[in-house]
Amino acid sequence: MSTILQGSATSALVLFSGGQDSATCLAWALQKFARVETIGFDYGQRHVVEMQARLAVREAMKQVLPQYADRLGHDHAVDLTGYGRIAESSLTSERAIEMDARGLPATFVPGRNLIFLTAAAALSDRRGLEVLVTGVCETDYSGYPDCRQATIDAMSQALTLGLDRPVPIETPLMYLTKAQTWELAHQIGGQPLVEAIIETSHTCYAGDREHRHDWGYGCGTCAACELREAGYHQWKEG
């Protein structure tokens, strides 16, 4: 987690997909900063339903965290569909989810977080937002190299140099398990926030919003659903 400006910053831009992790990060940021905006990216993902879920999550946050409702500012949706075609993966095309020669799952979109952070930094510069917040995690994750803290630290340094101003990147979930992420949401907003995340956020790679489970909507069989389900039950049983 970045230490630049920590304790003095009053505004943040949350990289916000509408999933469990980014929803938790949004709640975390609303608790920490007086002004919070969100940015989401349409990169041609097959589970484009997450772009719709984003708006539902934002509205739910105002309801379950009314003490922070006036802190939630604009949402920004960025069209990166051209990038999605370049960085083809099973998330952007009809490909089986399997491991590649490097041992990375086919869901890995090369450079996705690097592109997202660069676009977010450019927007934050124009909007006067001091801190970027992202839900990347290297504990319970799929082995994506752009989710590691070392990658985030390098991006923060590169963006700081490239924009000639500090670009701190906060990663509140970096060393948390999925169970601990559920617990963090509970600590911030109690059961109402947990229920809001269950009902409105979207994680499933298949884009399934038909099947409702105790942990949320999804196919229940993709890697994203399995990770979310396992973390939820571990938290509930813990």
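Scroll up for the structure.
Values in this document were obtained by computation on a predicted structure and should not be read as measured data. (Residues numbered from 1 in each chain as written. Predicted model: local features only at pLDDT ≥ 70, side-chain atom pairs only at ≥ 80, totals over all residues. Heavy atoms only, no water.)

**Student:** Which parts of the structure should I look at to understand helix H1 (residues 20-32)?
**Tutor:** Since one α-helical turn is 3.6 residues long, residues separated by three or four positions face the same way. Given a rise of 1.5 Å per residue, 13 residues ought to cover 18 Å, and the 19 Å separating the end C-alpha atoms of H1 matches this to within 8%. Extensive coverage of H1 is indicated by the burial of ten of its 13 residues. (Helix = DSSP H or I, 4+ residues; strand = E, 2+ residues; numbered from the N terminus. Expected span 1.5 Å × (residues − 1). Buried < 20%, exposed > 50% of the residue type's maximum accessible area, 1.4 Å probe, protein only.)

**Student:** I keep staring at the pairing of strand S1 (residues 11-15) and nothing clicks. Help me out?
**Tutor:** As a general feature of sheets, a regular strand has side chains that alternate between the two faces. Across the five residues of S1, five count as buried, placing the element largely inside the fold. Because side chains alternate across S1, one face comprises the buried residues Ser11, Leu13 and Leu15, and the other comprises Ala12 and Val14, equally buried. Pairing of S1 with strand S2 (residues 35-42), which is carried by five bridges, proceeds in the parallel orientation. In the sheet register, Leu13 faces S2, and the bridge partner there is Glu37. Note that the unit made of S1, H1 and S2 has a crossover that is right-handed. Where S1 meets strand S4 (residues 131-133), three bridges bridge the pair, whose relative direction is parallel. Pairing of Ala12 across the sheet is with Val131, part of S4. (Pairing = 2+ DSSP bridges. Right-handed = clockwise from strand over helix to strand, strands pointing away.)

**Student:** Help me understand the pattern of salt bridges, please; the structure alone is not making it clear to me.
**Tutor:** Side chains bearing opposite charge may pair, as long as their charged atoms lie close to each other. Scanning all chains against the criterion turns up eight salt bridges. The shortest N-O distance in the salt bridge between Arg165 and Asp125 comes to 2.8 Å. Taken together, the positions of Arg165 in the loop between helix H5 (149-163) and strand S5 (169-170) and Asp125 in helix H4 (residues 112-127) put the pair 40 residues apart, joining distant regions of the chain. Judged by its relative accessible area of 27%, Asp125 falls in the partly exposed class. Of the charged contacts in the structure, one is a salt bridge between Glu199 and Arg212, with a shortest N-O distance of 2.9 Å. Here Glu199, found in helix H6 (residues 178-200), pairs with Arg212, found in strand S6 (residues 212-213); they are 13 residues apart in sequence, far enough to count as distant. Classification of Glu199 by relative accessible area gives partly exposed; the value is 34%. One continuous salt-bridge network, built from bridges that share partners, spans Arg35, Glu37 and Arg127. (Salt bridge = Lys/Arg side-chain N within 4 Å of Asp/Glu carboxyl O.)

**Student:** Help me out: how do you make sense of the nonpolar core in this one?
**Tutor:** The tendency in soluble globular proteins is for nonpolar side chains to be buried as a group. Ranked by internal contacts, the top residues of the largest apolar core, which has 59 residues, are Phe33, Met61, Leu132 and Val133. If you tally residues by element for this core, the top one is H6, at nine residues. In this view, Met61 contacts Ala23, Leu26, Ala27, Leu30, Pro66 and Leu193; residues no more than four positions away in its chain are not counted. (Core = buried A, V, L, I, M, F, W, Y, C linked by side-chain atoms within 4.5 Å. Contact = heavy atoms within 4.5 Å.)

**Student:** Quick question: what am I supposed to make of unusual backbone geometry here?
**Tutor:** Across residues other than glycine, the phi torsion is negative in most instances, and most of the peptide bonds are trans. We note that Asp164 has phi near 55°; this positive angle belongs to a residue other than glycine. The residue Asp164 is located in the loop between H5 and S5 in this model.

**Student:** So what exactly am I meant to see when it comes to the environment of Ala34 here?
**Tutor:** Within the element layout of this structure, Ala34 appears in the loop between H1 and S2. Each residue touching Ala34, except ones within four places of it in the same chain, is listed here: Thr10 and Arg71.

**Student:** Before we go on, may I ask you to explain the packing of aromatic side chains in this structure?
**Tutor:** Given two aromatic rings, one states the distance between the centres and the angle between the planes to describe the pair. Evaluation of the coordinates by the stated rule reveals six aromatic pairs. With centroids separated by 5.1 Å and ring planes inclined at 75°, the aromatic side chains of Trp182 and Tyr232 adopt a geometry described as edge-to-face. Linking Trp182 in helix H6 with Tyr232 in helix H7 (residues 223-237), this pair joins segments that are 50 residues apart in sequence. By relative accessible area, which is 6% here, Tyr232 ends up buried. Given a relative accessible area of 0%, Trp182 falls into the buried group. The rings of Phe41, Tyr43 and Phe116 are connected pair by pair, giving a single aromatic cluster. Across the ring face of Tyr217, the terminal group of Arg212 is positioned such that the distance to the ring centre comes to 5.7 Å. (Phe/Tyr/Trp six-rings, centres within 6.5 Å; stacked < 30°, edge-to-face > 60°. Lys NZ or Arg CZ within 6 Å of the ring centre and 35° of its normal.)

**Student:** Would you take a moment to explain the packing of H1 against helix H2 (residues 49-64) for this structure?
**Tutor:** When two helices pack together, their arrangement is given by the angle between their axes and by how far apart the axes lie. At a closest axis distance of 11 Å, the pairing of H1 and H2 adopts a crossing angle of 40°. One way to sum up the angle between H1 and H2 is to call them oblique. Where H1 crosses over H2, the two elements pack in a sense that is right-handed. Listed contacts from H2 to Ala23, Leu26, Ala27 and Leu30 of H1 are Val57, Arg58 and Met61. Each residue belonging to the contact of H1 with H2 can be placed in one class, and the counts come to six nonpolar, no polar and one charged. (Axes fitted to C-alpha atoms, helices over the stretch in contact; angles between N-to-C directions. Parallel < 35°, antiparallel > 145°, perpendicular 65-115°, else oblique. Left-handed = near helix turned anticlockwise from the far one by under 90°. Nonpolar A, V, L, I, M, F, W, Y, C, P; charged D, E, K, R; others polar.)

**Student:** Could you clarify how one ought to interpret the sheet that holds S5 in this entry?
**Tutor:** Paired through their backbone hydrogen bonds, the strands of a sheet run either parallel or antiparallel. If you trace the five strands from one edge of the open sheet to the other, you get S3-S2-S1-S4-S5, paired in parallel fashion. Both outer strands of the open sheet, strand S3 (72-79) and S5, are each paired with one neighbouring strand and no more. In terms of strand pairing, S4 meets S5 through two bridges, oriented parallel. When the sheet's bridge partners are listed, Val133 is paired in S5 with Glu170. This element, H2, spans S2 and S3 of the sheet and lies at about 175° to S3. Against the sheet, H4 contacts S1, S2, S3, S4 and S5, and its axis sits at roughly 140° relative to S2.

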